[in-house]
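For reference, the chains in residue letters:
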Amino acid sequence: MTDARACEIRSTCPYCGVGCGVRLRPTGDGGLEVRGDPDHPANFGKLCSKGSALAETLGPEGRLLSPIVRGTETGWDEALTLVADRFRETIEQHGPESVAFYVSGQLLTEDYYVANKLMKGYIGGANIDTNSRLCMASSVAGHRRAFGTDTVPGTYEDLEEADLIVLVGSNLAWCHPVLHQRILAARKTRGTKLVVIDPRRTASCDGADMHLALRAGTDAALFNGLLCAIHDADAVDEDFIPSVQGFDDALAAASSDRAEVTGLSEDDLAAFYDLWIRTPRVVTIYSQGVNQSSSGSDKVNAILNCHLATGRIGTIGCGPFSVTGQPNAMGGREVGGLANMLACHLDIENADHRAAVHAFWESPRIAAAPGMKAVEMFEAVGDGRIKALWIIHTNPAVTMPDADAVKSAISGCDFVVVSDITGATDTARLADVLLPATAWGEKDGTVTNSDRTISRQRAALPAPGMARPDWAILAEVGRRMGWHDAFDYASPAEIFREYAALSGIAGKLGRDFDISGHADISDSGYETLEPFRWPFAGERSGGRFFGDGRFYHTDGKARMLPIRYRPPAAKQGPRFPFRLNTGRIRDQWHTMTRTARSPRLAAHLAEPFLEIHPRDAERLGIAAADLVRVESSQGSAVLRARITDAVQPGDVFAPMHWTGETAPSARIDVLVAPVTDPVSGQPESKASVCAVRRFDAAWYGFAIAADRLEPSCDYWARARTRAGWRAELAGATVPQDWEAEARALFGLAPGDAEAQVLIDARRGLARIAFHREGRLIAALFAGPEPVALKRDYLATLPGTEAWDALTGQPPADRPDPGPLVCSCFNVGVNTILAAIESQGLVSVEQIGAALEAGTNCGSCRPELAAILAAAHAKEAAE
Ligand code: SF4
């Protein structure tokens with residue numbers, strides 16, 4: 001090991017639920033070098049494009065450095081006294097149900113523990129919910145109904161030991177890329193079959209053995225059909241079924257469903273059912289496509305029913321597997337971050353559990369009933385039942401369904417506190433009090449990933465300005481509210497010890513979550529804590545649950561539930577004929593507060609979009625690159641049309657990431673109806689209904705600049721580039737004076753910078769560039785139609801001596817690499833196509849050997865395969 005490597009700090013990636021280990025080395029100038037941790041059991045050194053770009057997301061720009069009270073910077077003392085006083089006064093006047101915390105899967109477990117203790121044990125209400133409610137609450141509900149506790153039975157190793165992997169409503173290739181790469185590697189060695197069940201053709205479908213493009217929301221009918229087929233094929237595990245209750249009722253309900261509602265052919269259904277039944281080692285992975293549904297809990301239980309009926313659970317290479325979206329969504333579930341849970345998988349509805357937590361905390365009270373789940377919570381904020389709200393590391397003004405209503409609810413709330421790393425979010429801009437929190441790289445604590453592995457996240461950088469850890473902020477408010485001893489924590493290690501001790505009580509009450517072996521961990525032991533999966537190795541079969549047929553209902557048996565398919569709540573009709581699916585893209589994370597800072601991540605898909613089928617586009621007169629207006633009962637958005645048969649006719653898809661900071665007209669959750677699953681409270685974020693029409697802009701534009709652009713036109717989307725910024729623009733009214741418009745866009749006063757102006761008034765074209773000291777500082781290209789330009793080339797020009805920028809084309813001696821495909825090695829589509837043609841490349845591996853593309857994180861390998869296939873199809877057609 002080199003000296004530099006010896007100085008590395010081991011931590012975890014702050015994005016998805018894979019929970020990859022990273023090694024961090026401070027560069028001495030406030031930055032970090034980041035590489036995958038070869039010793040971490042989640043990733044063994046691999047990182048995806050987002051993890052690989054972590055170092056680019058650091059730095060002081062935009063950081064919140066001091067508390068701000070109603071727009072004025074202040075000290076901690078004043079801010080925290082105000083927060084504690086306002087919460088205490090509100091509780092005294094209106095009761096504990098009049099206050100709420102809305103927290104996040106970005107919190108570390110120790111942060112979560114203090115927030116949960118403060119709310120449920122000391123304030124005495126349970127109005128604390130986490131944004132994980134939007135992510136996997138239906139999995140929690142399904143697990144609790146089937147198993148008696150929220151347990152993910154399997155491990156990541158099962159994905160490598162399975163002979164069949166079924167992805168249901170999960171674009172694993174983009175949303176959990178390192179896990180996807182582990183599966184692809186296993187496919188190479190053992191020939192694992194891969195089936196994708198998704199209405200939309202995603203990157204995860206590339207190379208899959210089967211893609212079942214079912215109708216949106218019909219997953220329960222599909223798995224009910226599988227349960228019937230299991231029964232008909234005599235594939236029920238008669239040895240395991242005594243460990244299960246409810247088989248007959250579940251089968252009867254399944255038999256009354258018709259798998260035809262899935263829209264899949266009998267042959268496709270039969271082929272899938274046959275493959276599933278005759279493959280003993282099968283793992284069914286599911287995520288938001290299952291969970292984000294008004295019948296999400298039922299979909300989960302329909303999947304679990306099939307695994308329970310066949311005993312395919314808790315043994316090597318077998319099991320249902322819910323993958324979590326956030327770095328500590330699982331930790332939040334374990335520690336009681338949801339309004340309907342106590343810490344350590346103890347149930348809030350259970351009087352013995354409540355009494356045990358109450359006694360352990362020695363608290364003045366304990367929440368007597370579940371609190372409000374996220375959607376209900378913001379409705380209560382809107383109608384004034386909740387009068388004081390503390391939002392921590394999340395952006396509900398963008399991400400909640402009916403986001404405009406949520407935004408106005410927050411804005412009308414009597415008292416709103418936001419803890420975050422930046423004040424530049426849609427939600428933070430509505431706060432009365434802004435509290436500066438530490439960010440990833442500065443935080444210290446633990447997280448739990450999707451396979452129950454608890455890892456340390458460690459600080460490698462000092463906290464900037466006055467920023468403090470969340471646990472410290474919450475504990476200080478607890479002390480100022482009068483509970484000094486209960487919140488007298490000095491370190492996250494102290495909180496972890498208390499949490500581990502409480503889990504021992506949970507274990508004695510028969511709960512699965514028991515890490516009390518760490519209750520006496522020393523500070524140095526906590527500092528050097530290695531990743532570990534609970535339960536401790538050896539206690540159960542390879543760290544798996546339920547292979548022994550023992551579950552957590554009082555009789556020790558699992559439950560199969562009678563499930564009947566229910567269609568999505570909103571019906572398509574003449575007014576709203578389209579089914580709107582929302583989701584993630586490969587290189588962005590949530591509302592982009594961090595990933596948008598990385599030029600290479602922004603380069604992959606630099607603008608929000610709407611995927612629409614070619615037949616629908618033609619019928620509506622929508623051409624490639626047009627803007628479209630998407631409308632629902634809740635609101636409307638303007639997005640760039642991407643015409644593709646990846647979506648089915650009648651379906652559209654839009655990403656969830658863009659905000660008021662990056663593309664104000666593209667906040668997609670303003671369209672999503674606040675409909676929830678009746679059991680889990682999870683919103684139906686993938687099956688709203690909407691109308692789509694062409695957005696008739698009077699002008700379209702593209703701009704580049706060395707400094708941040710500040711557009712004010714009807715449509716804009718800005719993104720960072722290596723040379724500065726780029727933006728797509730459009731307006732309903734053609735500016736009278738293009739140079740004045742451009743100067744306003746770039747913040748240039750008249751006479752400031754030398755202008756090159758090309759105006760073709762007859763054709764409505766305008767191209768304007770500004771130079772200072774011989775270098776291009778900004779340029780605008782506008783016209784009456786979407787402007788065709790070499791955007792990726794132009795984006796490189798700010799800061800250079802580019803006097804010919806207004807041609808919009810690269811010079812002959814400078815090839816245009818085209819839109820970015822491989823973020824790690826900065827390889828564009830044109831470069832890949834040229835290499836395929838000139839070098840006769842026939843495989844993704846050969847592209848990697850020629851260009852390095854796809855050889856690091858592998859996140860782009862599905863796109864490389866698609867480019868390769870399209871190039872060869874074109875060549876064959878010629
Ligand atoms: S797969 Fe990517 S985003 Fe997820 S934890 Fe690993 S590096 Fe981070």
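About the cut-offs
Residues numbered from 1 in each chain as written. Predicted model: local features only at pLDDT ≥ 70, side-chain atom pairs only at ≥ 80, totals over all residues. Heavy atoms only, no water. Helix = DSSP H or I, 4+ residues; strand = E, 2+ residues; numbered from the N terminus. Rg over C-alpha atoms; globule rule 2.2 N^0.38 Å. Buried < 20%, exposed > 50% of the residue type's maximum accessible area, 1.4 Å probe, protein only. 1 Å grid on protein atoms, 1.4 Å probe; cavity = no way out; pocket = protein on both sides within 12 Å on 5 of 7 lines; lining within 4 Å. Points joined across faces, edges and corners; volume = space filled by probe spheres on them. Nonpolar A, V, L, I, M, F, W, Y, C, P; charged D, E, K, R; others polar. Expected span 1.5 Å × (residues − 1). Salt bridge = Lys/Arg side-chain N within 4 Å of Asp/Glu carboxyl O. Pairing = 2+ DSSP bridges. Patch = residues over 30% accessible without salt bridge, like charges linked within 9 Å, V, L, I, M, F, W, Y side chains within 5 Å. Areas by Shrake-Rupley, 256 points an atom, 1.4 Å probe, with all protein chains shown as cover. Lys, Arg positive; Asp, Glu negative; His and termini not counted. Charge placed at Lys NZ, Arg CZ, Asp CG, Glu CD. Arc of directions from axis to C-beta. Contact = heavy atoms within 4.5 Å. Polar contact = N/O pair within 3.5 Å; in protein donor to acceptor, adjacent residues only side chain to side chain. Axes fitted to C-alpha atoms, helices over the stretch in contact; angles between N-to-C directions. Phe/Tyr/Trp six-rings, centres within 6.5 Å; stacked < 30°, edge-to-face > 60°. Parallel < 35°, antiparallel > 145°, perpendicular 65-115°, else oblique. Left-handed = near helix turned anticlockwise from the far one by under 90°. Near = heavy atom within 4 Å. Core = buried A, V, L, I, M, F, W, Y, C linked by side-chain atoms within 4.5 Å.

Draft legend 1. Focus on the overall build of the protein. The number of helices and strands found in the protein is 28 helices and 34 strands. At 27 Å, the protein has a C-alpha radius of gyration in line with the 29 Å of a compact globule built from 878 residues. Along the longest, intermediate and shortest principal axes, the C-alpha atoms of the protein span 80 × 70 × 65 Å. Classification of the 878 residues of the protein by burial places 64% in the buried group.

Draft legend 2. Region of the structure containing the layout of surface pockets. Quantified by volume, the largest pocket comes out at close to 1600 Å³. His604, Leu605, Arg642, Pro819 and Glu863 are the residues nearest the centre of the largest pocket, which is lined by 49 residues in total. Elements with a minimum of two residues in the lining of the largest pocket: strand E22 (609-612), strand E24 (636-643), strand E28 (715-721), strand E29 (724-731), helix H25 (791-794), strand E33 (820-822), helix H26 (829-839) and helix H28 (861-877). Per-element tally for the lining of the largest pocket: the top contributor is H28, with five residues. Looking at the lining of the largest pocket residue by residue, the classes come out as 28 nonpolar, six polar and 15 charged.

Draft legend 3. Structural context of helix H9 (residues 219-232). Taking 1.5 Å of rise per residue, the 14 residues of H9 would be expected to cover 20 Å, and the 20 Å separating its terminal C-alpha atoms lies within 8% of that figure. Most of H9 sits inside the fold, with 12 of its 14 residues counted as buried. Directly after H9, the chain includes Asp234, whose backbone phi takes a positive value near 55°.

Draft legend 4. Representation of the pattern of salt bridges in the model. In this structure the tally under the stated criterion is 67 salt bridges. Across the pair Arg640 and Glu728 runs a salt bridge, and its minimum N-O distance is 3.5 Å. Here Arg640 is found in strand E24, whereas its partner Glu728 is found in strand E29, with 88 residues between them in sequence. Assessed through its relative accessible area of 10%, Arg640 is described here as buried. Under the relative-accessibility criterion, Glu728 is labelled buried at 7%. The shortest N-O distance in the salt bridge between Glu801 and Arg775 comes to 3.9 Å.

Draft legend 5. Expanded view of the pairing of strand E32 (residues 775-783). Taking burial as the measure, the nine residues of E32 include eight buried ones, the bulk of the element. The sheet contact formed by strand E27 (residues 699-705) and E32 spans six bridges and is antiparallel. Looking at E32, one finds that Phe702 is bridged to Phe781. As judged from the seven bridges shared by strand E31 (residues 765-772) and E32, these two strands associate in the antiparallel manner. Bridged to Ala766 within E32 is Ala782. With antiparallel pairing between neighbouring strands as the criterion, E31 and E32 make up a hairpin whose turn holds two residues, including Glu773 at a positive phi of roughly 50°.

Draft legend 6. Highlighting a negative patch on the surface. Together, Asp232, Asp234, Glu238 and Asp239 make up a region of like negative charge exposed at the surface. Within the secondary structure, Asp232 sits in helix H9. You can call Asp232 exposed: its relative accessible area is 62%.

Draft legend 7. Spotlight on helix H24 (residues 738-746). Here H24 has its buried residues at Trp738, Ala742, Arg743, Leu745 and Phe746. Across the axial projection of H24, the buried residues extend over an arc of 160°, all falling on one side. Those residues of H24 that are buried are in contact with E27, E29, strand E30 (754-760), E31 and E32. Its side-chain oxygen placed 3.1 Å from the backbone nitrogen of Glu739, Asp737 serves as the N-cap of H24. Gly747 sits one or two positions beyond H24 and adopts a positive phi of about 65°.

Draft legend 8. Spatial organisation of the sheet that holds E27. The strand order across the open sheet formed by six strands is E28-E29-E27-E32-E31-E30, and the pairing between neighbours is antiparallel. In this open sheet, the two edge strands, each paired with only one partner strand, are E28 and E30. Between one strand axis and the next, the sheet turns through 10° on average, direction left out of account. Where E30 and E31 come together, seven bridges link them in antiparallel fashion. Paired with Ala755 across the strands is Phe770, a residue of E31. Contacts from H24 reach E27, E29, E30, E31 and E32, with the element oriented near 50° to E31.

Draft legend 9. Structural context of the packing of aromatic side chains. Counted according to the given criterion, the structure contains 27 aromatic pairs. Here Tyr156 and Phe321 contribute two aromatic rings whose centre-to-centre distance is 6.0 Å and whose plane-to-plane angle is 25°, an arrangement assigned as stacked. Residue Tyr156 is found in helix H6 (residues 156-161), and its partner Phe321 is found in strand E13 (residues 319-322); the two are separated by 165 residues along the sequence. Take Tyr156 and Phe321: they sit in the same class, and that class is buried.

Draft legend 10. Fine view of the pairing of E29. Of all eight residues that make up E29, eight are buried, and the element is covered over most of its length. Two strands pair when backbone bridges link them, and E28 and E29 are joined in this way by seven bridges, in the antiparallel orientation. What sits directly across from Tyr715, in E29, is Ala730.

Draft legend 11. Seen up close, the packing of helix H16 (residues 374-382) against helix H18 (residues 403-412). Contact geometry for H16 and H18: axes closest at 8 Å, N-to-C directions at 50°. Judged on the interaxial angle alone, H18 and H16 are oblique. Judged by the twist between their axes, the crossing of H16 over H18 is left-handed. Between H16, through Phe378, Val381 and Gly382, and H18, the contact on the second element is made entirely by Val406, Ala409 and Ile410. Residue composition of the contact of H16 with H18, grouped by class: five nonpolar, one polar and no charged.

Draft legend 12. A look at the site of the ligand. Taken together, Cys13, Tyr15, Cys16, Val18, Gly19, Cys20, Leu47, Cys48, Lys50, Gly51, Pro177 and Val178 make up the full set of residues near the ligand. Split into classes, the residues belonging to the shell around the ligand amount to nine nonpolar, two polar and one charged.

Draft legend 13. A look at the sheet that holds strand E8 (residues 164-168). Strand order in this open sheet of five strands is E10-E9-E8-E12-E13, and the pairing throughout is parallel. Looking at which strands have only one partner, the edges of the open sheet turn out to be strand E10 (210-212) and E13. The average undirected angle you get between the axes of adjacent strands in this sheet is 15°. Bridge count between strand E9 (residues 193-197) and E10: three bridges; the pairing is parallel. In the sheet register, Ile197 faces E10, and the bridge partner there is Leu212. In the packing of helix H13 (residues 296-309) onto the sheet, the strands contacted are E8, strand E12 (282-286) and E13, and the crossing angle to E12 comes to about 175°.

Draft legend 14. The arrangement of the nonpolar core in detail. Within the largest apolar cluster, 120 residues are counted, with the highest numbers of intra-cluster contacts made by Phe87, Phe101, Ile197, Phe272, Leu308 and Trp390. Residues in contact with Ile197, not counting those within four places in the same chain, are Val166, Leu167, Val168, Gly169, Leu212, Leu214, Leu222, Phe223 and Phe272.

Draft legend 15. Examining empty space enclosed by the protein more closely. One pass over the full model with this rule turns up five cavities of 30 Å³ or more. One number sums up the size of the second largest cavity: a volume of about 70 Å³. Around the second largest cavity sit Cys13, Tyr15, Cys16, Gly19, Cys20, Leu47, Cys48, Lys50, Gly51, Pro177 and Val178, which together line it. Counting only elements with at least two residues in the lining of the second largest cavity, the list comes to helix H2 (49-52) and helix H8 (177-190). Per-class residue counts for the lining of the second largest cavity are eight nonpolar, two polar and one charged.

Draft legend 16. Representation of the side chain of Arg10. The topology assignment puts Arg10 in strand E1 (residues 9-12). At a separation of 3.0 Å, a polar atom in the side chain of Arg10 contacts the side chain of Glu530. Arg10 has contacts with Val22, Arg23, Asp37, Asp39, His40, Arg456, Arg458, Glu530 and Pro531, leaving out every residue within four places of it along the chain.

In short, shape yes, function no, at least from these values alone.
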